[in-house]
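# Descriptive analysis of the structure
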Amino acid sequence: MRPPAPVLARLRIISGIILFLYASCHFLTHASGILTAPAMEATSRVLLVPWKGWIGHTALYGAFTVHAALGLHALWRRRHLRMSAVEAWQLGLGLLIPLIVIRHAVSVRLGEMLYGLDDSYWRLLAGYWLPEAGINLFLQLLLLVVVWVHGCIGLYRWLRFKTWFMARSHLLLVAACLVPVLAVIGIAIAGADIQARAAAGDPELARMTAVAPEVAAAARAGLGPWVECLTGAWVLLVGGVLAGRLLRDGHARHFRAVRIRYAGPAAADGGETVVTVPRGWSVLEASLSARIPHASICGGQGRCSTCRVRVLDGRDQLPPPRAVEAEMLRRIRAPGDVRLACQLRPLTDLTVQPLIPPGARFTGAMVEDHTGAAGLVGHAREAMVVALFTDLRASTRLAAERTAYDALYLIERYVDVVTEAVTAAGGRVTGIAGDGVMSVFGGTGPVDDVPATCRAALAAAAAIWDGVEALSAELRHELDAPLRIGIGVHLGPSVVGTTGVTAPRPIQFLGDTGNVAARLEEATKAERCTLILSEATVAGVVAGGRGPGPAELGRIGHRVLDIRGRGGAIAVRIVATRAELDVIRGHRPG
Ligand code: FES
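Residues numbered from 1 in each chain as written. Predicted model: local features only at pLDDT ≥ 70, side-chain atom pairs only at ≥ 80, totals over all residues. Heavy atoms only, no water.

As annotated in an unreviewed UniProt entry, the chain carries the name Adenylate/guanylate cyclase domain-containing protein and is attributed to Tistrella mobilis.

As C-alpha cells, this is what we get:
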C-alpha cells in the first residue's frame, strides 16, 4: 500500500532537518578554523560528537538514506519535469549531493571502520591542503556550497508562509550567507596553518596524520572500489528513475490513457484541444505538460481555486473531491460541475473548460469567472503583507448630528488623512466602506522585505494617529469631542494581485490577513485603546533590528485575543498611547 502523501512530506522534512543540522554543525566547525587548526579540532569534539556513536550514525545515515530515497520517489512521481527555477535548482543540487558526498563519506567513515584511519580534522585538513591532496579541496568546497544551497532552498520553501519565519527573513538570510562564507574562510586559514606546520616539521601534525604506509596503501586500494561502486549505484538509480518515467508515461499514454478535451478559450482557435495523458495525472498537470496556459496561483496546492474548471462532459465517472478540494469548492460556493484542476485526477475521458483565464492573456480584463466569483489574475502572487484597517469611532452618531453634506465632508477629511498617511508610507488603500479603510503594505516587489513592510505600516499608523488628532484640533469648534479612531494591524500571508476594468487596476489582497486586521480594530473598542498590533507585526519590526528591546516591549500591554471567524487566538500588543507606538517603532525620545 502506498503511504499517504502527508506522511512522506513529513518524513522528507524531518530527514531534511536532521541533515541540515548536521551540515550546520560541520560548517560551524569549519568556521572555527578561522582561529587555528587545533581550534577546529576542539570545536569538532563539541559539535560533531553527538553525530558519532550508534545513535548519531543511525540518525545521520538514516536521514540521508530516507531523504535520498524520497528525492528519487518525488522524481518518479512528478508528472512532468517543467518546474520553477528554484525547484529545478533544489532538485538538481539534491541529485548532485550523493555524487560528491560518497567520496568524502567513504574516505572518512569507511576509512575509520575498515582501516582504523583517524577521522580527526587534522587528517581531513591534511587531505585537503598537503601536496598530494589532488582535487579533494575543490570537491569539499563544492560539497559545502551544494549542500548549503540545497538545504536553504528546502527550508525556505517549507517555511516561507510562516509568519515568524518571514518576520526574521533578513536575519536568517544574513546567517544563511555568513555560515558558508565563514566555513570557507575557516578551511582556508586552518589549511594555511597546516601547511605552515608541515613545512616546519611540526611533530604534533606528524603524529596526528601519521598512517603506516601499508595501511595507507591498503586503504587506497580498498576504498577506491567502494567510491566507484556507490557512485555507480547512485547514477544507475537516478538514470533508472528517469528511464522508468519515460517507459511508464509511454506505456500509460498507449494503454492507460485519459483524453482531456479543453473547450472554450483554452482550446486552439476557440475550438477544442485534446491532451492525452496517463491515468492519474491531474487536469492541471495535463494543461502544463501540453503548454496550455492555465491559471494556478498557488502552484497546485488547492489553496487558491484559480485553476477551477467546469466539467462539460464525463462528470459522472469522476472520483469525488478529496478533503482539500471539497473544502475549497465549498468556500467558493462552486456549483456541482466545477472542480479544481490541480486536484482532479480523472480516470476516464472528460471535457473541461478552464474558468479563470491565465493573466498574461487577459491583462486588463475584469476577472469574473463563470461561477460568478471574482478572482485574481495577472501577476498575482502569494506574499507576506501587512494589513492595516482603520475605523472612525461613533461615526453613526457624528453623522446623525449633522446634515448629510456636513457628515460627508467630515468623513472625506478623515479618509483623506488615512489615504495620505498610507500612501506616504508606501502602502495602498484597497477598500473604503463608509469610515472603514483597509490598506495593504508589501506584496508588490519580487521579494518580501518583512521588516521594512512592518515599519512602513507602523509609520502609516503613527501618521494616521497624528493626522486625526490634527483634524480634531482643526474642527474643534464643530465637534462635541475629539475624533477617535481604532486601528488594527496584522502581518500574514495573502494572495496579492489586481482586479478591475480601469487602468491602473487597483491592487487587492485575499486571505485571512485583512480579516484579522479588521477584527483587531474591532477589539480596540473593548480594549479602550487606539491601536492593536498583532505580535507577528511587532516581531517583524524587531527582526529588522530597529524595534524596541525586550525591556521596552515588556512595558506594552500583551494579550491573547480570540479572533472571530478565524478559529484561533492571536497574540497582540495593546497600544494605548502614541508614545507607546513610537517605542515599538524604535523611536526613542531625544
Ligand atoms: S492551483 Fe491553486 S487551487 Fe489549484
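The rest of the description comes next.
## Description of the overall build of the chain
What the chain contains, in helices and strands, is 19 helices and 13 strands. A total of 590 residues make up the chain; the buried ones form 45% of that total. Long-range pairs, those at least 24 residues apart, make up 72% of the contacts in the chain with a sequence separation of at least 6. A total of about 29100 Å² of accessible surface is found on the chain, and carbon and sulfur atoms cover 62% of it. (Helix = DSSP H or I, 4+ residues; strand = E, 2+ residues; numbered from the N terminus. Buried < 20%, exposed > 50% of the residue type's maximum accessible area, 1.4 Å probe, protein only. Contact = heavy atoms within 4.5 Å. Areas by Shrake-Rupley, 256 points an atom, 1.4 Å probe, with all protein chains shown as cover.)

## Some details on the packing of aromatic side chains
How two aromatic rings sit relative to each other is given by the distance of their centres and the angle of their planes. On inspection of all chains with the given rule, the structure shows three aromatic pairs. Taking 5.2 Å as the distance between ring centres and 75 degrees as the angle between the ring planes, the aromatic pair formed by Tyr 22 and Trp 51 counts as edge-to-face. One end of the pair, Tyr 22, is in helix α1 (residues 5–31); the other, Trp 51, is in the loop between α2 (37–47) and α3 (53–77), with 29 residues separating them in the sequence. Put simply, the rings of Phe 20, Phe 27 and Trp 148 pair up and form one aromatic cluster. The ring of Trp 76 is capped by Arg 248, whose NZ or CZ atom sits 4.4 Å from the centre of that ring. (Phe/Tyr/Trp six-rings, centres within 6.5 Å; stacked < 30°, edge-to-face > 60°. Lys NZ or Arg CZ within 6 Å of the ring centre and 35° of its normal.)

## Observations regarding the pairing of strand β3 (residues 308–313)
In this sheet, strand β4 (residues 338–340) lies alongside β3 in antiparallel orientation, the contact comprising three bridges. Along β4, the bridge assignment pairs Arg 310 with Val 338. Of the strand pairs in this sheet, β3 and strand β5 (residues 350–354) are connected by four bridges, and their pairing is antiparallel. Bridge pairing in β5 links Asp 313 to Thr 351. (Pairing = 2+ DSSP bridges.)

## Things to note about the UniProt feature "transmembrane region" (unreviewed entry) in the chain
Under the present numbering, the feature "transmembrane region" (unreviewed entry) in UniProt falls on residues 12–34, 54–76, 88–106, 137–159 and 171–192. The distance from the first to the last C-alpha atom of residues 54–76 is 32 Å, and the span holds 100% helix and 0% strand. This span, residues 88–106, is 100% helix and 0% strand, and a straight line between its end C-alpha atoms measures 28 Å. (UniProt positions renumbered as here; feature names shortened; annotations may be inferred.)

## Focus on the confidence of the model for the chain
Scored by pLDDT, the chain comes out at a mean of 83, with 89% of its residues at no less than 70. Mean pLDDT across the elements of the chain bottoms out in helix α7 (residues 163–167) (71) and peaks in strand β11 (residues 531–534) (95). Scored below 50 in pLDDT, residues 360–378 makes 46 contacts in the model with residues more than four places away or belonging to other chains. (pLDDT = per-residue confidence, 0-100.)

## So, empty space enclosed by the protein
This structure, assessed with the given rule, holds one cavity of 30 Å³ or more. Within this model, the largest cavity holds a volume of roughly 30 Å³. Along the walls of the largest cavity sit Arg 402, Asp 406, Tyr 409, Leu 410, Leu 475, Glu 478 and Leu 479, which together make up its complete lining. Within the lining of the largest cavity, the residues separate by chemical class into four nonpolar, no polar and three charged. (1 Å grid on protein atoms, 1.4 Å probe; cavity = no way out; pocket = protein on both sides within 12 Å on 5 of 7 lines; lining within 4 Å. Points joined across faces, edges and corners; volume = space filled by probe spheres on them. Nonpolar A, V, L, I, M, F, W, Y, C, P; charged D, E, K, R; others polar.)

## Examining unusual backbone geometry
Even without a glycine there, the phi angle at Arg 291 is positive, about 60 degrees. Along the chain, the position of Arg 291 falls in the loop between α11 (283–289) and β3. Among the residues examined, Arg 291 registers a relative accessible area of 63% and is labelled exposed.

## Thoughts on a nonpolar patch on the surface
Judged by side-chain polarity, Ile 34, Val 174, Leu 178, Val 181, Leu 182, Ile 185 and Ile 189 come together as a nonpolar surface patch covering roughly 510 Å² of accessible area. By the element assignment, Ile 189 lies in helix α8 (residues 169–199). (Patch = residues over 30% accessible without salt bridge, like charges linked within 9 Å, V, L, I, M, F, W, Y side chains within 5 Å. Salt bridge = Lys/Arg side-chain N within 4 Å of Asp/Glu carboxyl O.)

## Some points on the pattern of salt bridges
Counted according to the given criterion, the structure contains 16 salt bridges. The partner of Asp 349 in a salt bridge is Arg 259, and the shortest N-O contact between them spans 3.2 Å. With Asp 349 in the loop between β4 and β5 and Arg 259 in strand β1 (residues 257–263), this pair connects stretches of sequence that are 90 residues apart. Classification of Asp 349 by relative accessible area gives partly exposed; the value is 30%. Bridged by salt links that share partners, the residues Asp 466, Arg 578, Asp 582 and Arg 585 form one connected network.

## Brief notes about the packing of helix α14 (residues 404–424) against helix α15 (residues 450–474)
Two elements in contact, α14 and α15, have axes separated by 8 Å at closest approach and are oriented at 150 degrees. As judged from the angle between their axes, α14 and α15 are roughly antiparallel. Taken as a pair, α14 and α15 cross one another with a handedness that is right-handed. Residues Arg 413, Tyr 414, Val 417, Val 418, Ala 421 and Val 422 of α14 pack against Ala 460, Ala 463, Ile 464, Gly 467, Val 468, Leu 471 and Glu 474 of α15. Of the residues contributing to the contact of α14 with α15, the split by class is ten nonpolar, one polar and two charged. (Axes fitted to C-alpha atoms, helices over the stretch in contact; angles between N-to-C directions. Parallel < 35°, antiparallel > 145°, perpendicular 65-115°, else oblique. Left-handed = near helix turned anticlockwise from the far one by under 90°.)

## Overview of the nonpolar core
Tyr 414, Ile 464, Val 489 and Leu 531 are the most contacted members of the largest nonpolar core, which totals 46 residues. In terms of residue count, the dominant contributor to this core is α15 (twelve residues). Lining this core are residues from two domains, each supplying at least three of them: domain 1 (5–248) and domain 3 (377–585). Setting aside its immediate chain neighbours within four residues, Val 489 contacts Val 386, Ala 387, Leu 388, Ala 457, Leu 458, Leu 520, Leu 531, Ile 532, Leu 533, Ser 534 and Thr 537. (Core = buried A, V, L, I, M, F, W, Y, C linked by side-chain atoms within 4.5 Å. Domains from an automatic or database assignment.)

## With respect to the sheet that holds β5
Pairing is mixed across the open sheet formed by five strands, whose spatial order is β2-β1-β5-β3-β4. The open sheet terminates on both sides in strands that have one partner only, identified here as β2 (272–278) and β4. Strand-to-strand, the axes of this sheet are offset by a mean angle of 40 degrees, without reference to chain direction. Across the face of the sheet, helix α10 (residues 213–255) comes into contact with β1 and β2 while running at roughly 125 degrees to β2.

## What to know about the side chain of His 26
When you line up the elements, His 26 lands in helix α1. The exposure class of His 26 is buried, given its relative accessible area of 11%. Contact partners of His 26, with chain neighbours within four places excluded, come to Leu 48, His 104 and Tyr 121.

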